[in-house]
Every structure is written in C-alpha cells, then in structure tokens.
Number of protein chains: 2
Amino acid sequence: MNDENAPYLKKFIRDVPDFPKKGIVFKDITPLLKDRGAFNMMAESIAVSYEDAGITHVAVIESRGFLLGSAIASQLGVGVIPIRKKGKLPWKVHQASYELEYGTDVVEVHQDAAGPGDRVLIVDDVIATGGTAKAACELIEKLGAKVAGVALLIELSFLKGREKLPGRDVQALIKY
Amino acid sequence: MNDENAPYLKKFIRDVPDFPKKGIVFKDITPLLKDRGAFNMMAESIAVSYEDAGITHVAVIESRGFLLGSAIASQLGVGVIPIRKKGKLPWKVHQASYELEYGTDVVEVHQDAAGPGDRVLIVDDVIATGGTAKAACELIEKLGAKVAGVALLIELSFLKGREKLPGRDVQALIKY
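A quick note: this is a predicted structure, and the numbers were derived from the prediction, not measured. (Residues numbered from 1 in each chain as written. Chains lettered and ligands numbered in written order. Predicted model: local features only at pLDDT ≥ 70, side-chain atom pairs only at ≥ 80, totals over all residues. Heavy atoms only, no water.)

Glancing now at the sheet that holds strand β3 (residues 57-61) of chain A. Residues and elements named next belong to chain A. As summarised here, the arrangement of the 7 strands in space is β5-β6-β4-β3-β7-β8-β9, forming an open sheet in which the pairing is mixed. Of all strands in the sheet, those with a lone pairing partner are β5 (93-99) and β9 (170-175), marking the two edges. Averaged over all adjacent pairs, the angle separating strand axes in this sheet is 25 degrees, with direction ignored. Alignment of β3 against strand β4 (residues 79-85), held across 5 bridges, turns out to be parallel. Looking across to β4, one finds that Ile61 is bridged to Ile83. Across the face of the sheet, helix α3 (residues 36-47) comes into contact with β8 (146-155) and β9 while running at roughly 140 degrees to β8. (Pairing = 2+ DSSP bridges. Helix = DSSP H or I, 4+ residues; strand = E, 2+ residues; numbered from the N terminus. Axes fitted to C-alpha atoms, helices over the stretch in contact; angles between N-to-C directions. Contact = heavy atoms within 4.5 Å.)

Below is the structure:
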C-alpha cells in the first residue's frame, strides 16, 4: 500500500473515548470520510496495491467496510460483494461464525456472490482481534473463490489480529 | 440521470418473495453490485446528473446506501457523510425520527459532518414510503448545509415516497 500517505491520513482519525463502552478508545473515521481529499487519497492509496493482482471483486464487511470498500472497488473497476450480519441478506446464504468477548457472532454471504476463478479482495475499516476478517475469508472460500488479500484502513497492532490470518496477504494503511 | 441504462440494469435486480416478511417482494441489488459492468454503470449513470451541481458531499444512508453512495462519491471526487441508525455514530449527533408501520425509528448524523456552504447529495438504494429520505434531508439541514438532491437506485412509485419530499430534486434510476 502507498503508506507515504499514512501520516497525513492519520490526522483525520478522531479518538473517541469510552465508545462503544467505557475504557475503549474508538477510532472514528468520519472526519476522513467527509474530506474529499482524504477520502479519495485513502481509496487510491489502498487500490494501488491491488491494480495488478487480478482482483475480480471487493468483498466489503458491514457496515463501515461498505463505506471504504465500495470506493476502492470503484477505483479498481470491479464489483462489490456485501458480507453482512445474520438475517440481512435476502437470498440463500453461507454462514461463518466468530468469537466475541462473550459468545459468538455470525456473518453471511450470498451463495452466488462469487465462484471458482474469482479473486476477491476483502476490505474492512479496522482489524482488531481479527475474528471478522477470518470469518470473511472462510465465506469467500466457501464460494469456491480465492482470497487475494485482506485490506484494512486501520490495524490495531497490539491486538494481534494478523495472527488469526496466517498465510494471508494482510495490508493496513494506518497502524497503531 | 442517465436512464437509458435503466432497462439493462433492471436485469440485475432480483425479486425475493417474502423478505423481510411474508407478502413483501424484496428488490435484491446484490446481483447488480457484484457485476463489474453493472456496478460501475450504476455509479456513473447516477453521478453524471450531479457533475455540474456543485456537490461537496454525498450523504449515504445505512446500510445499502453506503454501498452505492461511496462509489458515487468516488466518481464525483467528493467526501462521504454516513447517516446511521441510532447509537452507531461515536461522536456528538443530530437526530431525526421517521414513522414505521408500527412505531418510529431514528437516524443520526455527526454534528460536524457538514455546514453552511456545503451542498449535499443524499443517496439510498430504494425509496419506498419516503420516511428515511425525509429524515435524512432534515439532518442535513440541521447541519446548516443545503440538500442539493436525493438520488435513488430504485423508486417503488406505487408507495408514493416522492410525496413526502415536496420541492426536493428527487431522481431515481430504476422505477417500478
């Protein structure tokens, strides 16, 4: 990724203390999204790494992954595959589950979203513990498609999410 | 909008009966999203109408509006403002409510998302009864910004959502 732009883009990430709960410092990307220069620089800085990777689709993880991934897909000139929370997709789905602090959660993809021969780039805003990204990779592989990479705007390195994705091409533009 | 492309794009909309509940025929846009030609044609066909409208931001309505609107913003070279369901945005918000079949629902926008001098295009996937679009317009105006238009991929004309938006520039690419 073009991480020369990371120090500039980092200025548009706002720390919000105690969200979604006490003790968590949330990385708010809305100042970056609303700035036309920063938003387009973000999409281009990520897309440039995958221009020659034969990407056929960008899979976007609900909800903030939708905001970034659709712009990146538009830059790459490819289609978009939504990976959604349980019960949101209307047609036949595959499911994958991942662990939360307490209990598990489920993500879904349509069974006809991609297939053999497709090379899918997975996009999300943040990688924390890596559970969602791992489940997203499983979904793409259940479709018979190949995971060409996992692209994040932000990596919270101290949570070691990358360790849940051994052998994957995982790239993050901004690291904390 | 460039609705010469509408008949072609309509082929990528899938009818799913009885979703989200019995008796509703849901318009599933995922076949359109995943097709690179259709996805890019959709974004370009909508964006072309607003190229000379001095748009500063695209406001995108959670969640499917995120998928379309971010690509349209990318085409227009402008930033994105997420309009989200209650409790999802981390910072200080304005709220607007709208009526559901039973009860009301609330959408929110960050208080610093836009301001006077900004011209905002609101994007969502579908206009049905128009309640969400109307609430989104109220939010943008609470920020002191101007609503330059409301752009939809799909208009369910028989639900007359347009009547809730008098005096607004409302444009839909595909009509049923």
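Under the criterion given, the structure shown has 18 salt bridges over all chains. A salt bridge links Glu141 of chain A to Arg168 of chain A; the shortest N-O distance between them is 2.6 Å. Residue Glu141 of chain A is located in helix α5 (residues 131-142), and its partner Arg168 of chain A is located in the loop between β8 and β9; the two are separated by 27 residues in the primary sequence. For Arg168 of chain A, a relative accessible area of 28% corresponds to the partly exposed category. Among the ionic pairs, Arg84 of chain B bridges to Glu62 of chain B, the shortest N-O distance being 2.9 Å. With Arg84 of chain B in strand β4 (residues 79-85) and Glu62 of chain B in the loop between β3 (57-61) and α4 (64-76), this residue pair connects regions lying 22 residues apart in the sequence. For Arg84 of chain B, a relative accessible area of 6% corresponds to the buried category. Taking relative accessible area as the criterion, Glu62 of chain B reaches 11% and is therefore assigned buried. One network of salt bridges, in which partners are shared, links Arg14, Asp28 and Lys34 of chain A together with Asp112 of chain B. (Salt bridge = Lys/Arg side-chain N within 4 Å of Asp/Glu carboxyl O. Buried < 20%, exposed > 50% of the residue type's maximum accessible area, 1.4 Å probe, protein only.)

To continue, consider the nonpolar core. Core analysis: the biggest nonpolar cluster contains 70 residues, and Met42 and Leu153 of chain A together with Met42, Ile72, Leu121 and Leu153 of chain B have the highest contact counts within it. Every residue in contact with Leu121 of chain B, bar those within four places of it in the chain, is listed here: Tyr50, Ile55, His57, Val58, Ala59, Ile72, Leu76, Gly149, Val150 and Ala151 of chain B. (Core = buried A, V, L, I, M, F, W, Y, C linked by side-chain atoms within 4.5 Å.)

With that out of the way, let us pick up the packing of helix α3 (residues 36-47) of chain B against α4 of chain B. Residue and element names in this part refer to chain B. The interhelical angle for the contact between α3 and α4, taken along N-to-C directions, is 65 degrees, at an axis separation of 9 Å. Viewed along their axes, α3 and α4 form a crossing whose handedness is right-handed. Contacts from Phe39, Asn40, Met42, Ala43, Glu44, Ile46 and Ala47 of α3 reach α4 at Leu67, Leu68, Ala71, Ile72, Gln75 and Leu76. Split by residue class, the contact of α3 with α4 holds 10 nonpolar, 2 polar and 1 charged. (Left-handed = near helix turned anticlockwise from the far one by under 90°. Nonpolar A, V, L, I, M, F, W, Y, C, P; charged D, E, K, R; others polar.)

So, about the environment of Lys10 of chain A. Residue and element names in this part refer to chain A. By secondary structure assignment, the location of Lys10 is in helix α1 (residues 6-10). The exposure class of Lys10 is partly exposed, given its relative accessible area of 35%. Here the alpha-carbon distance between Lys10 and Ile154, two residues 144 residues apart in the chain, equals 9.4 Å. Apart from residues lying up to four places away in sequence, Lys10 is in contact with Ile174, Lys175 and Tyr176. Among the polar contacts listed, one links the side chain of Lys10 to the backbone oxygen of Lys175, at a separation of 3.0 Å. (Polar contact = N/O pair within 3.5 Å; in protein donor to acceptor, adjacent residues only side chain to side chain.)

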